[in-house]
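The chain contents come next:
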Amino acid sequence: MSLIFIFFLLFTFGFFPLVIGLNKSATDSLDALLQDFASKTLVEHRPHTGVIYETIPPANLSGIEISILKIRSRGLWKKGANFSYFSIPSRTISLPHVRRLALVYQDLKNWSSHYYTVPNYSLITSVVGFMAFDASDSRAKSTPKVSLSTMGKPISIHFRNLTLAESPKSEIRCVTFAANGTTYLSEMSSFGVCHSRGQGHFSVVVPERDTVKRKQGLWHWWLMGFVLGFIALLLVAFAGIVSVRLLRTKKIQIMERQADEDLVLASRWVGQSKMPSAAVTRTLPVLENGCFT
């Protein structure tokens, strides 16, 4: 039972990605605003295919970095795409299929913690993300959002200049803020590199110090409880074995006493010793005619 409980704790605290909820209202508003801003940028500037354009964000979002990359679907399929933090593998297609895509890159900088938080964790990098839009019609006033299929290959997110102050590497986690409002925590495959299967927003987090201390304290208590439980189990087993042996010995003594009580022997002196002696009973002879002489 104790081993099953420990496996449950390991399952809970670290062998599978943590899934938590996220408030979508603020992030959806931000995405909608940036999508509208990207659409206007495409209409006004008509960026060339394959060239990354830095754009100025709205005044109320000053500090956020935004760049736009227009790319052909054929080029994305053959070569993939590399821009800013992201590396999209080849053999990637859009769903639904469009002739040209606009990849809008975001770096939220000092706005990161305002829009995205992870309970009991601290962001150690800014939140970066990208969205894909249909850019086939350069004159269209709206650009519908499309999904990307990488045929099972991961999209790499490279967090350059990632530094750690106190937290060890084992505590670093990649965090993915999915479009459906769910947040996923996963281990970092290599230092400074996270992976994703689709578009979204990403960052790197470490546990808060209080959380780490609390988990360590809980782990010590559970470990102590397991050790004490194991010792108690050994004591109970030892007590059981001793009890069985005592009961068996007592039963044997009772049987021997009963045997001694059932056998009644007379006593006689043999030399200087008193020895038990059974009474001798002899059958008297009987003549055939039934008379004694």
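- As named in an unreviewed UniProt entry, the protein is Transmembrane protein, taken from Trema orientale.

### Notes on the pattern of salt bridges
- Under the counting rule described, the total for this entry stands at two salt bridges.
- Lys109 is the salt-bridge partner of Glu65, the closest N and O atoms lying 3.5 Å from each other. Residue Glu65 is found in strand 3 (residues 65–72), and its partner Lys109 is found in the loop between strand 7 (100–107) and helix 4 (112–115); the two are separated by 44 residues along the sequence.
- Judged by relative accessible area, which is 36%, Glu65 ranks as partly exposed.

### Focus: a positive patch on the surface
- Taken together, the side chains of Arg72, Arg74, Lys78 and Lys79 make up a positively charged region of the molecular surface.
- In terms of residue count, the dominant contributor to the positive patch is helix 3 (residues 73–79) (three residues).

### Some details on unusual backbone geometry
- Omega for the bond connecting Leu95 with Pro96 falls within 30 degrees of zero, at -5°, which places this linkage in the cis form.
- Looking at where Pro96 falls in the secondary structure, it is placed in the loop between strand 6 (93–95) and strand 7.
- Here the phi dihedral of Met151 falls at roughly 55°; this positive angle occurs in a residue that is not glycine.
- Structurally, Met151 can be placed in the loop between strand 10 (147–149) and strand 11 (155–158).
- Given the relative accessible area of 48%, Met151 is considered partly exposed.

### Quick word on the environment of Thr150
- Mapping Thr150 onto the fold places it in the loop between strand 10 and strand 11.
- Look at Thr150 and you get buried, because its relative accessible area is 4%.
- Separated by 48 residues in sequence, Thr150 and Gly198 place their C-alpha atoms 7.6 Å apart.
- In this view, Thr150 contacts Pro89, Arg91, Thr92, Ile155 and Arg197; residues no more than four positions away in its chain are not counted.
- For Thr150, the side chain forms a polar contact with the main-chain oxygen of Lys153, separated by 2.5 Å.

### Regarding the pairing of strand 7
- Most of strand 7 is tucked away, with seven of its eight residues classed as buried.
- Pairing analysis gives eight bridges linking strand 3 to strand 7, with the strands arranged antiparallel. Directly across from Lys70, in strand 7, lies its bridge partner Ala102.
- Relative to strand 9 (residues 128–134), strand 7 is paired through seven bridges, and the arrangement is antiparallel. Residue pairing in the sheet places Leu101 in a bridge with Asp134 of strand 9.

### Some points on the sheet that holds strand 5 (residues 86–88)
- As summarised here, the arrangement of the four strands in space is 4-5-11-14, forming an open sheet in which the pairing is antiparallel. Strand pairing shows two members of the sheet lacking a second neighbour, strand 4 (81–83) and strand 14 (193–196), which therefore form its edges. Taken over all neighbouring pairs, the strand axes of this sheet differ in orientation by 15° on average, direction set aside.

### Describing the state of the cysteines
- Applying the stated criterion across every chain, the model contains one disulfide.
- Paired by a disulfide, Cys174 and Cys194 hold their sulfur atoms 2.0 Å apart. Handedness here is read from the sign of the S-S torsion; for Cys174 and Cys194, about -85°, the answer is left-handed. With Cys174 in strand 12 (residues 173–177) and Cys194 in strand 14, the pair connects residues that are 20 residues apart, well separated along the chain.
- Given a relative accessible area of 4%, Cys174 falls into the buried group.
- Residue Cys194 is classed as buried on the basis of its relative accessible area of 4%.

### Some thoughts on the side chain of Ser149
- Following the sequence through the fold, Ser149 ends up in strand 10.
- If sequence neighbours within four positions are ignored, Ser149 has contacts with Arg91, Thr92, Ile93 and Leu95.

### What about a nonpolar patch on the surface?
- A grouping of Leu223, Met224, Val227, Leu228, Ile231 and Leu235 is seen on the molecular surface, where their side chains present a nonpolar patch of about 550 Å² in accessible area.
- Within the secondary structure, Val227 is located in helix 5 (residues 209–262).

Basis of the calculations
Residues numbered from 1 in each chain as written. Predicted model: local features only at pLDDT ≥ 70, side-chain atom pairs only at ≥ 80, totals over all residues. Heavy atoms only, no water. Salt bridge = Lys/Arg side-chain N within 4 Å of Asp/Glu carboxyl O. Helix = DSSP H or I, 4+ residues; strand = E, 2+ residues; numbered from the N terminus. Buried < 20%, exposed > 50% of the residue type's maximum accessible area, 1.4 Å probe, protein only. Patch = residues over 30% accessible without salt bridge, like charges linked within 9 Å, V, L, I, M, F, W, Y side chains within 5 Å. Areas by Shrake-Rupley, 256 points an atom, 1.4 Å probe, with all protein chains shown as cover. Lys, Arg positive; Asp, Glu negative; His and termini not counted. Charge placed at Lys NZ, Arg CZ, Asp CG, Glu CD. Contact = heavy atoms within 4.5 Å. Polar contact = N/O pair within 3.5 Å; in protein donor to acceptor, adjacent residues only side chain to side chain. Pairing = 2+ DSSP bridges. Axes fitted to C-alpha atoms, helices over the stretch in contact; angles between N-to-C directions. Disulfide = S-S within 2.5 Å.

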